[in-house]
Amino acid sequence: MCGITGFWTLQRLGPDAPDIVDRMTDTLGHRGPDGPGTALHPESGLAMGHVRLAINDLSPGGKQPLSAAAGDVVATVAGEIYGFQRMRAELTAAGESFHSKSDSELVLALYRRYGLDFVQHLRGEYAIALVDLARDRLVLVRDRFGVRPLFFHPGTEMVGWASEAKALLEHPAVPRRLSRSAAVNQLVQVMVPGSTAFEGIESVRPGHLVVVDRCDGRFRVRTQRYWDLDFPHDGEWDDLEPQQHVEAVRSAITDAVALRIQADVPVGQYLSGGMDSGAILGMASAVAQTSPQAFTIGFEDPAYDESDIATKVAEHNDAQLQIRRIGEGQLYDDNYVRAVWHSERTFYNTLGVAKMLLSQTTHAAGFRAVLSGEGADELFAGYPAFALDHASGQLNPADDLFVGAILAAQPQRHPGFDRVMGFTPGWVQPWVSAWHRVKPLLADGLLEDLGGYDPLEAVAQSLDPGQLEHRGRLDKAQYSWIKTMLDGQILSWGGDRMDMSHAVETRPALLDHRVAETAVRVPPGLRIREGTEKWVLREALRYAMPDFLYRKRKFAFMAPPAHRSMTQSARLSRLTDRYLSPDRIAAAGICSPDRTRRFLTEVPADNAAANEHDKIHNHLLGLHILHDLFVA
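Residues numbered from 1 in each chain as written. Predicted model: local features only at pLDDT ≥ 70, side-chain atom pairs only at ≥ 80, totals over all residues. Heavy atoms only, no water.

In the annotation of an unreviewed UniProt entry, the entry for the protein chain reads asparagine synthase (glutamine-hydrolyzing), and the organism field reads Mycobacterium talmoniae. A UniProt comment under Catalytic activity (unreviewed entry) is attached to the protein chain, and it reads "L-aspartate + L-glutamine + ATP + H2O = L-asparagine + L-glutamate + AMP + diphosphate + H(+)". Per its UniProt entry, the protein chain bears the Sequence similarities (unreviewed entry) comment "Belongs to the asparagine synthetase family." (UniProt positions renumbered as here; feature names shortened; annotations may be inferred.)

Dropping the structure here:
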């Protein structure tokens, strides 16, 4: 795992290019503590940077940027390509030569043989920048689910890219301005796919290539999708017996775990109190030759703390467990500000802050790669909101704790989702409710300046109608979540950005694309069966987990909201006074200072209202911290 950056200009590089690419690269230093590397091609207008987190091939041979023997193709790669040993052997037998034992070098040989189709041969989590100097072409690639981030600036004179947007902001041609439309989206949590918090910076969408050709004195930029999660048409799922689906899912997951446990460094495990990470730990324990090391979070609030369950799961698997206990005062202090700096977007809950602290503990223990359980809820319908979109789904009474946060207190409809999907999915309903609260807080004239902008309409319009037509209701709900919230929340401020804040690479085995392609063939009635979420996954991994975990219902993994603790409330008030003063709100230009300050003093009537108020408060705070960190 690493961090990559660079830029490509229409003209030859100027004398300040070395300093610019060094600044961009240094900004990513937390992602790659094993040293930076840069490559300059002045006549070609190309500068590339890389920071290394050595996981495969720890020798100097694994350093980047990479260059083909002829010097006509150069590349940087962040992430992991699994099964590379077999592919390298096959390519060697076919006449290719390699100069390292790194998985990243495979990219050059595959591109040489297959051109842009090289991406079809990749399995893993990766972000790639490849420049074909002979063709005057830049290719940016992001893995199928977007586990690894990749951003780009499509300027007229310069195209830049980076693993994190803050590196692009170090280039003088990239404006330091928040996107006003993206700011509105952040206040209701759901980002438009491909957008970022910053004007002039886009995100490479998961499963996509961005191809930039330099010709006729200008850049031609095109985006190409190379993979998508393709649910069968309604009623066309595989006609198999339930046990056959169970065995197919088990086989795919076993293969994915076995690949991800391989590395030239020890691979640990992130563990919550849930079935997904617990079962993955059981599978990894069976595959590994040594007792696994696991890491988990402990909260002081017993309603949100699952560290006792994680301890029992670790003991069941003879695993060593290290618990990062997080005090109430640690979530709303300078850690919060650092988490915003790393995530480059707002968040509704401080789980991201807790994940940042967990990665600090993991790194300090000597681990730089861990397995994780992300993807189970997306692929096998585990989230409570999915129960609202399936006939046999049932909300768990324990979910009352999360009403107002991830579940709407009252049913909500949005015309954009109703039009595109035929209904408003359960996962978006709490954000429809939040939009009703946020809209009056916006600065006078902002939405009019943005052409009557509706952030949820923009999200709905971003979904591919062809992937929704003739699909079942649950399929549509899962697909829409995966295309928006998985990339924009789970894998960003809940994943890579917090994990890599201390150079820890997460390996979500369930987001292996072959696992996903198996999962979508499972009928909805086996994903949620007789009210039990993730039924087929639960049965597939039943004996890889203790029985109490097999019988445990889904419990959302979140940090305690600020309103549940006087200590947290007091810390939040201090941050609010610092970043949400009338002057700072006015300077950012997104919200009305008077109306926002009145909102902040409201006293919610019940737990659901308090949850909703808390998450909007977090988004307001994060947005103005972003402005302070990157713009002001």
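What follows continues from the structure just given.
## Thoughts on the packing of aromatic side chains
Tallied over the full model, the rule gives 16 aromatic pairs. Among the aromatic residues, ring-to-ring pairing joins Y332, Y336, F347, Y348, W431 and W493 into one connected group. Positioned above the aromatic ring of W431 is the side chain of K615, whose terminal nitrogen or guanidinium carbon lies 3.9 Å from the ring centre. (Phe/Tyr/Trp six-rings, centres within 6.5 Å; stacked < 30°, edge-to-face > 60°. Lys NZ or Arg CZ within 6 Å of the ring centre and 35° of its normal.)

## Details of the packing of helix α23 (residues 566-579) against helix α26 (residues 607-630)
Remark: α23 packs on α26, axes separated minimally by 10 Å, with the N-to-C direction vectors making an angle of 45°. In this view, α23 runs oblique relative to α26, as classed from their interaxial angle. Crossing of α23 over α26 shows left-handed handedness. In this structure, α23 contributes L572, L575, T576 and Y579 to the contact, and α26 contributes H617, L621, H624, I625 and D628. Taken together, the residues of the contact of α23 with α26 break down into 5 nonpolar, 3 polar and 1 charged. (Axes fitted to C-alpha atoms, helices over the stretch in contact; angles between N-to-C directions. Helix = DSSP H or I, 4+ residues; strand = E, 2+ residues; numbered from the N terminus. Parallel < 35°, antiparallel > 145°, perpendicular 65-115°, else oblique. Left-handed = near helix turned anticlockwise from the far one by under 90°. Contact = heavy atoms within 4.5 Å. Nonpolar A, V, L, I, M, F, W, Y, C, P; charged D, E, K, R; others polar.)

## Concerning the pairing of strand β15 (residues 320-326)
Relative to β15, strand β14 (residues 293-299) runs parallel, the two sharing 7 bridges. Residue F295 lies in a different strand from β15, and its bridge partner there is Q322. Crossover β14 to β15 through helix α8 (residues 307-316) is right-handed. (Pairing = 2+ DSSP bridges. Right-handed = clockwise from strand over helix to strand, strands pointing away.)

## Some remarks on the UniProt feature "binding site: L-glutamine" (unreviewed entry) in the protein chain
Within this numbering scheme, the UniProt entry marks D103 as carrying the feature "binding site: L-glutamine" (unreviewed entry). Relative to the assigned elements, D103 resides in the loop between α2 (84-93) and α3 (106-114). Given the relative accessible area of 3%, D103 is considered buried. For D103, the contacting residues outside a window of four places in its chain are N56, G79, E80, I81 and F84. (Buried < 20%, exposed > 50% of the residue type's maximum accessible area, 1.4 Å probe, protein only.)

## Let's talk about the UniProt feature "site: Important for beta-aspartyl-AMP intermediate formation" (unreviewed entry) in the protein chain
Under the feature "site: Important for beta-aspartyl-AMP intermediate formation" (unreviewed entry), the UniProt entry names E374. Mapping E374 onto the fold places it in the loop between β16 (369-372) and α11 (376-380). Using a relative accessible area of 17% as the deciding quantity, one classes E374 as buried. What E374 contacts, discounting residues up to four positions off in sequence, is K355, I490, G494, P508, L510 and L511. Reaching out from E374, the side chain makes a polar contact with the side chain of S372 at a distance of 2.3 Å. (Polar contact = N/O pair within 3.5 Å; in protein donor to acceptor, adjacent residues only side chain to side chain.)

## Considering the layout of surface pockets
By volume, the largest pocket is sized at about 330 Å³. Contributing to the lining of the largest pocket are 16 residues, with L572, L600, E602, H613 and H617 lying nearest its centre. Contributing elements (two or more residues each) for the lining of the largest pocket: α23, α25 (593-600) and α26. Grouping the amino acids of the lining of the largest pocket by side-chain chemistry returns 6 nonpolar, 7 polar and 3 charged. (1 Å grid on protein atoms, 1.4 Å probe; cavity = no way out; pocket = protein on both sides within 12 Å on 5 of 7 lines; lining within 4 Å. Points joined across faces, edges and corners; volume = space filled by probe spheres on them.)

## Concerning the sheet that holds strand β10 (residues 202-203)
Consider a sheet: its strands pair through backbone hydrogen bonds, and that pairing is either parallel or antiparallel. Spatial strand order, β2-β3-β1-β9-β8-β10: 6 strands in an open sheet with antiparallel pairing. The open sheet has two free edges, formed respectively by β2 (36-41) and β10, since each of these has just one partner strand. As defined by bridge partners, strand β8 (residues 151-154) adjoins β10 across 2 bridges and the pair is classed as antiparallel. Across the sheet, F152 pairs through a bridge with E202, a residue of β10. Running over the sheet, helix α1 (residues 17-27) touches β1 (2-9), β2, β3 (46-52) and β9 (158-162) and is turned about 150° from β1.

## Some details on the environment of A409
Checked against the element boundaries, A409 lands in the loop between α12 (384-387) and α13 (415-421). The exposure class assigned to A409 is partly exposed, which follows from its relative accessible area of 48%. Residues A409 and N607, 198 residues apart in the sequence, show an inter-C-alpha distance of 10.0 Å. Leaving out residues up to four positions away in the same chain, A409 has contacts with V403, G404 and A608.

## Observations regarding the environment of V249
Position of V249 among the secondary structure elements: in helix α6 (residues 242-260). As for V249 and L28, which are separated by 221 residues in sequence, their C-alpha atoms are 37 Å apart. With near-sequence residues (within four places) excluded, V249 lies in contact with F380, T518, V522, V536, L537 and A540.

## A closer look at the sheet that holds strand β17 (residues 505-508)
Spatially, the 5 strands line up as an open sheet ordered β15-β14-β13-β16-β17, and their pairing is parallel. Two strands in the sheet have a free side with no partner beyond their single neighbour: β15 and β17. When the angles between neighbouring strand axes are averaged without regard to direction, this sheet yields 30°. Bridge analysis of β16 against β17 gives 4 bridges, and the strand direction is parallel.

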